Amino acid sequence: MTEVTRIFDFPHYQLETYNLEKSLTTKYDGEWQSISTKDYINQANAISRGLLRLGIKKDDKVAVISSTNRTEWNIVDIGVLQTGAQNVPIYPTIAAEDYEYILNHAEADYCFVSDIEVLKKLNSIKSNTKLKGVYTFDGIEGENHWKELLDLGHDESNQNEVEARKESVKPNDLATLIYTSGTTGKPKGVMLSHKNLVSNVLDSEQRVPFRYGESKALSFLPICHVFERMILYLYQYCGVEIYFAESIEKMSDNLKEIKPNVMTAVPRLYEKVYDKIIAKGSDLTGVKKALFFWAVNLGLKFEPYGQNGWWYETQLKLARKLIFSKWQEGLGGNLELMVSGSAALQQRLTRVFAAAGLPIMEGYGLTETSPVISVNDLRNGGFRIGTVGKIINHVEVKIANDGEILAKGPNIMLGYYKDPEKTAEVMTGDYFHTGDIGEIDADGFLKITDRKKEMFKTSGGKYVAPALLENEFKQSRFIEQIMVIGEGEKMPAALIQINNEFVEEWAKRHDLSFQNKDDLISNEQLHERIQEEIDSANEKFGKWEQIKKFEITPDNWTIEDGHLTPTLKMRRKIIKEKYATLIEKIYRP
């Protein structure tokens, strides 16, 4: 039996243990096409042989930029790693100059791109890099298709060289450079070894209740993000069939087509799913509407393990039968587990989805920790709302005097590429400084209370934790995004991007019509209505941290315009710069 010590051991382990007919599945031209575990390995070997014929050496770098998750990404990943080279995934949505920076910093020799849009962006800066060749996953006229590399590796006569290269790769060797999307400054190249990722898969595996060799997963979080990438290795290790969603927009259709048992997402996407469900419920009338919101309100009071008593559980059984079963159907009908990472999940979502029989298991980690440090698990009392679960095996966490979470274990990165100074800044001995503030309760559950760097002091000397406030305010259906500001000012305030869809619907109900967006955001009635939402949420906070004023931003916050990172976190510095005039209006009217 293959012992998994390096990333490319996962497919071989899957072949020996489960030998799936449908290991990886992608939709091409409207049709789902699967490859078996055996095909996966054969094609990865062909890529390795082709790369060796191109002259790829141990420790060379190969970049991959893909707009969607797809079978080819995984084949190329294993093919590259088997040669002892490193895979450098790049977020497709970042600016062309960031492509240029990463490709040059990593000294990438080759690059695989998914489609024409990514290719155009790459071509605009390619001459400023040392790239020797570019291969595309989609067929694009005049470009090298990735199958040309498969053809180059068709002749198996150098497979013994591939085996020798595999043999030379040790668990502690560098496997990948993942450039953090970073909310400030130039991206840093996080160096993760085979052992970092493999240990994280093996230690996280004990927290996931899959039906090994039978479960199906839908994958749509960007695979260039370490969370989804580790999860895909985990699926391979557990014999889970992987289906790649076509896009976020088509996720709903894909859920119904695939009927997966598990999926992963970031909180923003769960918020959107919830908002859509609530919007549908709001369109109901009479008894149906009353029943729908009775079930939702019941769900919002959910506690696991029957803690609410027999009468609550009796009502919940009825709510699941009448209302929540329809939510499950809308998500394919077979979903047993959803996993959330990357940012804090609102407690109302944890409660209501668990009540609906669609539990979201929130976890915690960073790119530098490969990524999982802790995760909730419904089994054995391992699920506690408002926490990110218990720390996984072989990882140690301690809380520093200032409340910062420090982590140590086989999952901690090798360091930042070509940057020993920045590496030294985040390490104390073997402990990595996460930059997050948290606490561990008496039962071993970890709770995140804020980002150390994001906390600020008002001019009155009071500390404000913006993430806590933002999570509370974002529960309003009027608010799509909110950023709490006020460092060095006399009071906290907020910049708000409204939920356009909901606000337009609200305006119609109140017979309000607007010529344009400017009209809408300056409307007094809308401001008063949002103020009510703010006032209601403010009640949960101390006087010094309550939001006293807010301004609505004129445009949507997007990845493309720089407001958000590719994982949908706010770039606070950029948002502040973009809306400097609005901030002045708040504090110096």
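Description of the structure in this document. (Residues numbered from 1 in each chain as written. Predicted model: local features only at pLDDT ≥ 70, side-chain atom pairs only at ≥ 80, totals over all residues. Heavy atoms only, no water.)

### Remarks on the overall build of the chain
Part 1 of the argument: A count of helices and strands for the chain gives 21 helices and 27 strands.
Part 2 of the argument: Taken over C-alpha atoms, the radius of gyration comes to 25 Å for the chain, in line with the 25 Å a tight globule of 589 residues would show.
Part 3 of the argument: Referenced to the eigenvectors of the C-alpha coordinate spread, the extents of the chain come out at roughly 75 × 55 × 50 Å.
Part 4 of the argument: In the chain, the proportion of contacts linking residues at least 24 apart, taken out of those at least 6 apart, comes to 67%.
Part 5 of the argument: With an accessible surface of roughly 25,200 Å², the chain has 49% of that area assigned to carbon and sulfur atoms.
Part 6 of the argument: Side-chain charges in the chain split into 74 positive and 85 negative, and the spacing between the mean points of these groups amounts to 3 Å. (Helix = DSSP H or I, 4+ residues; strand = E, 2+ residues; numbered from the N terminus. Rg over C-alpha atoms; globule rule 2.2 N^0.38 Å. Contact = heavy atoms within 4.5 Å. Areas by Shrake-Rupley, 256 points an atom, 1.4 Å probe, with all protein chains shown as cover. Lys, Arg positive; Asp, Glu negative; His and termini not counted. Charge placed at Lys NZ, Arg CZ, Asp CG, Glu CD.)

### Concerning the nonpolar core
Part 1 of the argument: Counting 118 residues, the largest nonpolar core has W327 and F353 as its most contacted members.
Part 2 of the argument: Take this core: its biggest share by element is nine residues, from helix 9 (residues 226–237).
Part 3 of the argument: Each residue touching W327, except ones within four places of it in the same chain, is listed here: Y274, I277, F292, V296, V352, F353, A356 and L358. (Core = buried A, V, L, I, M, F, W, Y, C linked by side-chain atoms within 4.5 Å. Buried < 20%, exposed > 50% of the residue type's maximum accessible area, 1.4 Å probe, protein only.)

### A look at the sheet that holds strand 27 (residues 549–552)
Part 1 of the argument: Taken in spatial order, the three strands line up as 25-26-27 in an open sheet, and their pairing is mixed. Each edge of the sheet is formed by a strand with only one pairing partner; in this case those strands are strand 25 (479–485) and strand 27. The sheet shows a mean angle of 25 degrees between the axes of neighbouring strands, taken without regard to direction.
Part 2 of the argument: Two elements, strand 25 and strand 26 (residues 493–498), share six bridges in a ladder whose sense is antiparallel. Counterpart to I485 in the pairing with strand 26 is A493. (Pairing = 2+ DSSP bridges. Axes fitted to C-alpha atoms, helices over the stretch in contact; angles between N-to-C directions.)

### Structural notes on unusual backbone geometry
Part 1 of the argument: With an omega dihedral of -15 degrees, the bond running from S370 to P371 counts as a cis peptide bond.
Part 2 of the argument: Phi at N380 is positive, roughly 50 degrees, even though this residue is not glycine.
Part 3 of the argument: You can see N380 is positioned in the loop between strand 15 (372–375) and strand 16 (390–391).
Part 4 of the argument: A positive phi angle, close to 50 degrees, is found at D511, a residue other than glycine.
Part 5 of the argument: Turning to its location among the elements, D511 is positioned in the loop between helix 17 (500–509) and helix 18 (517–521).
Part 6 of the argument: Under the relative-accessibility criterion, D511 is labelled exposed at 73%.

### Overview of the sheet that holds strand 14 (residues 360–365)
Part 1 of the argument: Spatially, the nine strands line up as an open sheet ordered 2-1-11-10-12-13-14-15-16, and their pairing is mixed. With partners counted over all chains shown, the strands left at the sheet margins are strand 2 (31–35) and strand 16, one partner each.
Part 2 of the argument: Relative to strand 15, strand 14 runs antiparallel, the two sharing three bridges. Among the inter-strand pairings, Y364 is bridged to a residue of strand 15, identified as S374.
Part 3 of the argument: The strands that helix 10 (residues 251–258) touches are strand 1 (24–28), strand 2, strand 10 (216–219), strand 11 (241–244) and strand 12 (262–265); relative to strand 10, the one it contacts most, it runs at about 165 degrees.

### Some details on the pattern of salt bridges
Part 1 of the argument: Counted according to the given criterion, the structure contains 32 salt bridges.
Part 2 of the argument: We note a salt bridge from E246 to K27, for which the minimum N-O separation is 3.4 Å. One end of the pair, E246, is in the loop between strand 11 and helix 10; the other, K27, is in strand 1, and 219 residues separate them in sequence.
Part 3 of the argument: Note that E246 is salt-bridged to K250, the shortest N-O span being 3.7 Å.
Part 4 of the argument: Here the salt bridges share partners, and the residues they tie into one network are K27, E246, K250 and E257. (Salt bridge = Lys/Arg side-chain N within 4 Å of Asp/Glu carboxyl O.)

### Overview of a nonpolar patch on the surface
Part 1 of the argument: Nonpolar side chains collect at one region of the surface, where V287, L291, L318 and L322 lie side by side and expose about 330 Å² of accessible area between them.
Part 2 of the argument: With respect to the helices and strands, the residue V287 is situated in helix 12 (residues 286–299). (Patch = residues over 30% accessible without salt bridge, like charges linked within 9 Å, V, L, I, M, F, W, Y side chains within 5 Å.)

### Observations concerning the pairing of strand 15
Part 1 of the argument: Two successive antiparallel strands, strand 14 and strand 15, enclose a turn made up of six residues, where S370 displays a positive phi of approximately 70 degrees.
Part 2 of the argument: Relative to strand 16, strand 15 runs antiparallel, the two sharing two bridges. In the strand pairing of strand 16, S374 is matched with I391.

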